[in-house]
Amino acid sequence: MLMKKYVIGRILFVIPIMLILSFFTFTLTYLAPSDPVTLKYERMGAVPDKEQIEAAKEELGLNEPLLVQYGMWLNQVLHGNLGESYYYGTTVWREMTRRLPNTLLLTLASLFLTVLLAVPLGVLCAVKQNKWVDYLLRFLSFFGVSMPSFWVGTLLMYAFGVKLHLLPIMGSGDFKHLILPSVTLAFWMTSLYVRRVRGSMLEEMNKDYLTGSLSLGYTKRRIIWTQLLPNSLLSVITMFGMSIGSLLGGATIIETIFEWQGVGKMAVDAISVKDYPIIQGYVLWMAVIYVTVNLLVDLSYQFLDPRIRLGGNKI
């Protein structure tokens with residue numbers, strides 16, 4: 001019952017946030033110097049006269065006050081209509097769903113590489129605290145976090161694409177196209193999470209239950225993987241959730257560099273050509289993603305932390 005009330009409360013809390021964000025986004029596009037009708041005619045290569053533009057604005061309700069236009073737009077959004085792209089000539093929803101699988105694929109590949117590398121390396125740093133392995137990995141992780149992703153991506157493109165001719169440097173055609181952008185994203189996230197996992201592990205290793213488990217005859221290896229690591233990951237979950245939100249929103253810089261046709265690349269292209277319906281749809285998508293991920297992260301604590309699940313702490 002408590003869980004149900006919490007979920008309902010969070011959803012109800014999200015509604016005004018989404019309304020405020022949608023109004024803010026619509027207002028920015030409303031105040032933009034170019035109007036949708038003129039932009040649409042420009043994309044078609046037509047040169048309409050002033051009377052045609054005014055007639056089209058009147059038909060679309062673009063001469064109405066801001067609040068009236070926002071109400072009309074919000075009503076369409078609530079019915080699943082995000083508008084029509086000026087540049088692509090298709091609906092915003094269709095264009096986003098066409099790009100979304102590529103973003104999902106890039107997100108999953110990057111997260112898989114990050115977890116595969118960051119968790120064992122972070123555990124190794126904690127177990128070998130203040131030894132040469134720990135110092136080396138900490139230095140490399142600090143170096144990795146300090147390097148901008150676009151620079152790492154450019155270096156990988158030059159090394160594996162231009163010099164070695166092993167991998168394609170642009171496009172989103174097949175598995176080979178996925179390697180460089182996913183490695184670029186995973187490089188920075190792995191460097192970040194190694195340090196985070198190490199810190200959380202060291203914090204857990206200073207707690208009394210480690211001594212108790214050793215006294216019961218459990219091996220240190222078993223304690224690390226069955227007790228210390230699960231408990232230490234609780235503090236990493238929130239940051240991990242935010243990373244998922246960023247990736248699902250489209251890693252715009254990386255998708256642009258590698259010409260990966262995801263929602264992030266779509267948003268960058270829309271900004272360059274003033275495709276306001278696409279921009280509005282992308283902002284709403286980002287808002288929904290972050291709200292959903294944050295809710296799922298909060299709910300995950302219920303299952304991962306026995307103290308919360310058994311009612312020790314009330315949310």
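Residues numbered from 1 in each chain as written. Predicted model: local features only at pLDDT ≥ 70, side-chain atom pairs only at ≥ 80, totals over all residues. Heavy atoms only, no water.

Draft legend 1. Structural context of a nonpolar patch on the surface. A contiguous nonpolar surface patch, about 590 Å² in accessible area, is contributed by Trp 132, Leu 136, Phe 139, Leu 140 and Phe 143. Along the chain, Phe 139 turns up in helix H6 (residues 132-146). (Patch = residues over 30% accessible without salt bridge, like charges linked within 9 Å, V, L, I, M, F, W, Y side chains within 5 Å. Areas by Shrake-Rupley, 256 points an atom, 1.4 Å probe, with all protein chains shown as cover. Salt bridge = Lys/Arg side-chain N within 4 Å of Asp/Glu carboxyl O. Helix = DSSP H or I, 4+ residues; strand = E, 2+ residues; numbered from the N terminus.)

Draft legend 2. Spotlight on a negative patch on the surface. A grouping of Glu 51, Glu 54, Glu 58 and Glu 64 is seen on the molecular surface, where their side chains present a negatively charged patch. Tracing the chain through its elements places Glu 64 in the loop between helix H3 (50-60) and helix H4 (66-78). Classification of Glu 64 as partly exposed rests on a relative accessible area of 34%. (Lys, Arg positive; Asp, Glu negative; His and termini not counted. Charge placed at Lys NZ, Arg CZ, Asp CG, Glu CD. Buried < 20%, exposed > 50% of the residue type's maximum accessible area, 1.4 Å probe, protein only.)

Draft legend 3. Expanded view of the pattern of salt bridges. Using the criterion set out here, one finds six salt bridges in the structure. For Arg 98, the salt bridge is made with Glu 95, and the minimal N-O distance between the two is 2.5 Å. Within this pair, Arg 98 and its partner Glu 95 are both found in helix H5 (residues 92-127), separated by three residues, close to a single helical turn. The class for Glu 95 is buried, based on a relative accessible area of 4%. Where Lys 265 meets Asp 269, a salt bridge forms, and the shortest distance between an N and an O atom there is 2.8 Å. Separated by four residues within a single helix, Lys 265 and Asp 269 lie in helix H12 (residues 263-272), roughly one turn from each other. Residue Lys 265 is classed as buried on the basis of its relative accessible area, which comes to 6%. Here the residues in one salt-bridge network are Glu 95, Arg 98 and Arg 99, joined through shared partners.

Draft legend 4. Summary view of the environment of Gly 264. Following the sequence through the fold, Gly 264 ends up in helix H12. Placed eleven residues apart in sequence, Gly 264 and Ile 253 show a C-alpha to C-alpha distance of 7.8 Å.

Draft legend 5. Just the nonpolar core, in detail. With 24 residues, the main nonpolar core has Leu 185 and Leu 247 as its most contacted residues. For this core, the secondary-structure elements that each account for two or more residues are H5, H6, helix H7 (149-163), helix H8 (175-205) and helix H10 (220-248). At six residues, H8 tops the list of elements feeding residues into this core. Setting aside residues no more than four positions away along its own chain, Leu 185 makes contact with Leu 106, Ser 110, Leu 247, Ala 251 and Ile 254. Listed in part, the 21 residues of the second largest apolar core include Val 77, Leu 82, Tyr 276 and Leu 284. (Core = buried A, V, L, I, M, F, W, Y, C linked by side-chain atoms within 4.5 Å. Contact = heavy atoms within 4.5 Å.)

Draft legend 6. The packing of aromatic side chains, seen in detail. All chains considered together, the criterion is met by five aromatic pairs. Ring plane angle 15 degrees and centroid distance 6.4 Å describe the contact between Phe 139 and Phe 143, whose orientation is recorded as stacked. In this pair, Phe 139 and Phe 143 are both assigned in helix H6, four residues apart and thus about one turn of the helix distant. We classify Phe 139 as exposed; its relative accessible area is 53%. With relative accessibility at 44%, the residue Phe 143 sits in the partly exposed group. A network of ring pairs unites the aromatic residues Phe 23, Phe 26, Tyr 70 and Trp 73 as a single cluster. (Phe/Tyr/Trp six-rings, centres within 6.5 Å; stacked < 30°, edge-to-face > 60°.)

Draft legend 7. Up close: the environment of Glu 95. C-alpha separation for the pair Glu 95 and Val 263, spaced 168 residues apart in sequence, amounts to 8.8 Å. Setting aside its immediate chain neighbours within four residues, Glu 95 contacts Tyr 88, Thr 90, Met 266 and Ile 278. A polar atom in the side chain of Glu 95 sits 3.2 Å from the side chain of Arg 99. (Polar contact = N/O pair within 3.5 Å; in protein donor to acceptor, adjacent residues only side chain to side chain.)

Draft legend 8. View of the packing of H7 against H8. At a minimum axis separation of 9 Å, H7 and H8 run at an interaxial angle of 140 degrees. Taken together, H7 and H8 sit at an angle that is classed as oblique. Crossing handedness for the pair H7 and H8: right-handed. Residue-level inspection shows Ser 149, Val 152, Gly 153, Leu 156, Met 157 and Phe 160 of H7 in contact with H8, the latter providing Leu 180, Val 183, Thr 184, Phe 187 and Trp 188. Taken together, the residues that form the contact of H7 with H8 break down as eight nonpolar, three polar and no charged. (Axes fitted to C-alpha atoms, helices over the stretch in contact; angles between N-to-C directions. Parallel < 35°, antiparallel > 145°, perpendicular 65-115°, else oblique. Left-handed = near helix turned anticlockwise from the far one by under 90°. Nonpolar A, V, L, I, M, F, W, Y, C, P; charged D, E, K, R; others polar.)

Draft legend 9. Inspection of the packing of H6 against H8 at higher detail. One can describe the packing of H6 onto H8 by two numbers: an axis separation of 8 Å at closest approach and a directional angle of 135 degrees. The orientation of H6 with respect to H8, classified from their angle, is oblique. Remark: the crossing between H6 and H8 carries left-handed chirality. Two secondary-structure elements touch here, H6 through Asp 134, Arg 138, Leu 140, Ser 141, Phe 142, Gly 144 and Val 145 and H8 through Phe 187, Trp 188, Ser 191, Leu 192, Val 194, Arg 195 and Arg 198.

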